[in-house]
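The primary structure of each chain is shown beneath.
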Amino acid sequence: MRVKIFLDTISLVSITINSSLIVMGDKMDKSQILKIIELGESQEVEFKESFQSAQEFSKVMCGFANTYGGVLLVGVTSKKEVVGVAEDVDGLQQKIAAAAQAVSPPLIPSVEVHGFGSKKIVAIIVQKAADGIFHTFQGVILVKIGSTLKKMEGNQIVDFLRAKQLLCFDE
């Protein structure tokens, strides 16, 4: 399964899920979020029941940016159950902004709040880093491989920087 998220200059969001393009206005709607939940976690989708630590969110957002981009849904369990966020949404958005600022260079994710009955889900949409740019968290390059987060080391860093066209050697 491949989910790709793109934000263009006029704030349209498009998501490609299993080769089907979904184009949205300024916000995802409930049916689109339910479709993402139904498909489950992947390289481009991660669920968190709650905001447990800024460090954890910084790492996930950094990994998304260095790979294909992605959507982090807060208030959804790994078993695809919508539990909603228990804490104040404004406070949560401030924590998300701080976590994004801890990544270098800082990320600017799109943060959306969606109501599901009496429950609220927060969607954090992170774009793929532009060519020639990579992000680090505490000096570490992170990428998403499948549904796991991987720290780049040794020759992996060299290969990653070559692919980003940031490293080349004269022959």
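Please refer to the structure higher up on the page.
This write-up is about the structure you can find in this document.

What counts and how
Residues numbered from 1 in each chain as written. Predicted model: local features only at pLDDT ≥ 70, side-chain atom pairs only at ≥ 80, totals over all residues. Heavy atoms only, no water. Helix = DSSP H or I, 4+ residues; strand = E, 2+ residues; numbered from the N terminus. Buried < 20%, exposed > 50% of the residue type's maximum accessible area, 1.4 Å probe, protein only. Contact = heavy atoms within 4.5 Å. Areas by Shrake-Rupley, 256 points an atom, 1.4 Å probe, with all protein chains shown as cover. 1 Å grid on protein atoms, 1.4 Å probe; cavity = no way out; pocket = protein on both sides within 12 Å on 5 of 7 lines; lining within 4 Å. Points joined across faces, edges and corners; volume = space filled by probe spheres on them. Nonpolar A, V, L, I, M, F, W, Y, C, P; charged D, E, K, R; others polar. Expected span 1.5 Å × (residues − 1). Pairing = 2+ DSSP bridges. Right-handed = clockwise from strand over helix to strand, strands pointing away.

### Comments concerning the overall build of the protein
Line of reasoning, step 1. Summing up its helical and strand segments, the protein has 4 helices and 11 strands in all.
Line of reasoning, step 2. The buried share of the protein, taken over its 171 residues, is 43%.
Line of reasoning, step 3. Long-range pairs, those at least 24 residues apart, make up 60% of the contacts in the protein with a sequence separation of at least 6.
Line of reasoning, step 4. When the accessible surface of the protein is summed, it comes to about 9000 Å², and 50% of that surface belongs to carbon and sulfur atoms.

### Focus: the layout of surface pockets
Line of reasoning, step 1. For the largest pocket, the calculated volume is near 200 Å³.
Line of reasoning, step 2. Looking at side-chain class alone, the lining of the largest pocket contains 8 nonpolar, 2 polar and 1 charged residues.

### A look at unusual backbone geometry
Line of reasoning, step 1. A cis amide bond links S104 to the next residue, P105, at an omega of -15°.
Line of reasoning, step 2. Residue placement: P105 occurs in the loop between β6 (103-104) and β7 (110-116).
Line of reasoning, step 3. Positive phi, normally seen in glycine, also occurs at K80, with a value near 70°.
Line of reasoning, step 4. Mapped onto the elements of the fold, K80 is located in the loop between β5 (70-74) and α3 (89-101).
Line of reasoning, step 5. With phi around 50°, Q138 is a residue other than glycine that occupies positive phi space.
Line of reasoning, step 6. Along the chain, Q138 turns up in the loop between β9 (136-137) and β10 (140-145).

### A closer look at the environment of S110
Line of reasoning, step 1. In this structure, S110 sits in strand β7.
Line of reasoning, step 2. Once the C-alpha coordinates of S110 and K27 are considered, the two residues, 83 residues apart in sequence, prove to be 9.3 Å apart.

### A closer look at helix α2 (residues 54-66)
Line of reasoning, step 1. The terminal C-alpha atoms of α2 lie 18 Å apart, and with 13 residues this matches the ideal 18 Å at 1.5 Å per residue to within 8%.
Line of reasoning, step 2. Inspection of α2 places F57, S58, V60, M61, C62, G63, F64, A65 and N66 among the buried residues, and these make up the whole buried set.

### Considerations on the pairing of β5
Line of reasoning, step 1. Most of β5 is tucked away: 5 of the 5 residues are buried.
Line of reasoning, step 2. Burial of the side chains of β5 extends over both faces: G70, L72 and V74 are buried on one face and V71 and L73 on the other.
Line of reasoning, step 3. Here strand β4 (residues 45-48) runs beside β5; their pairing, made up of 4 bridges, is parallel. Within β5, the residue paired with E46 across the bridge is L72.
Line of reasoning, step 4. Crossover handedness for the path β4 to α2 to β5: right-handed.
Line of reasoning, step 5. The sheet contact formed by β5 and strand β8 (residues 119-126) spans 5 bridges and is antiparallel. Note on β8: the bridge partner recorded for G70 is V126.

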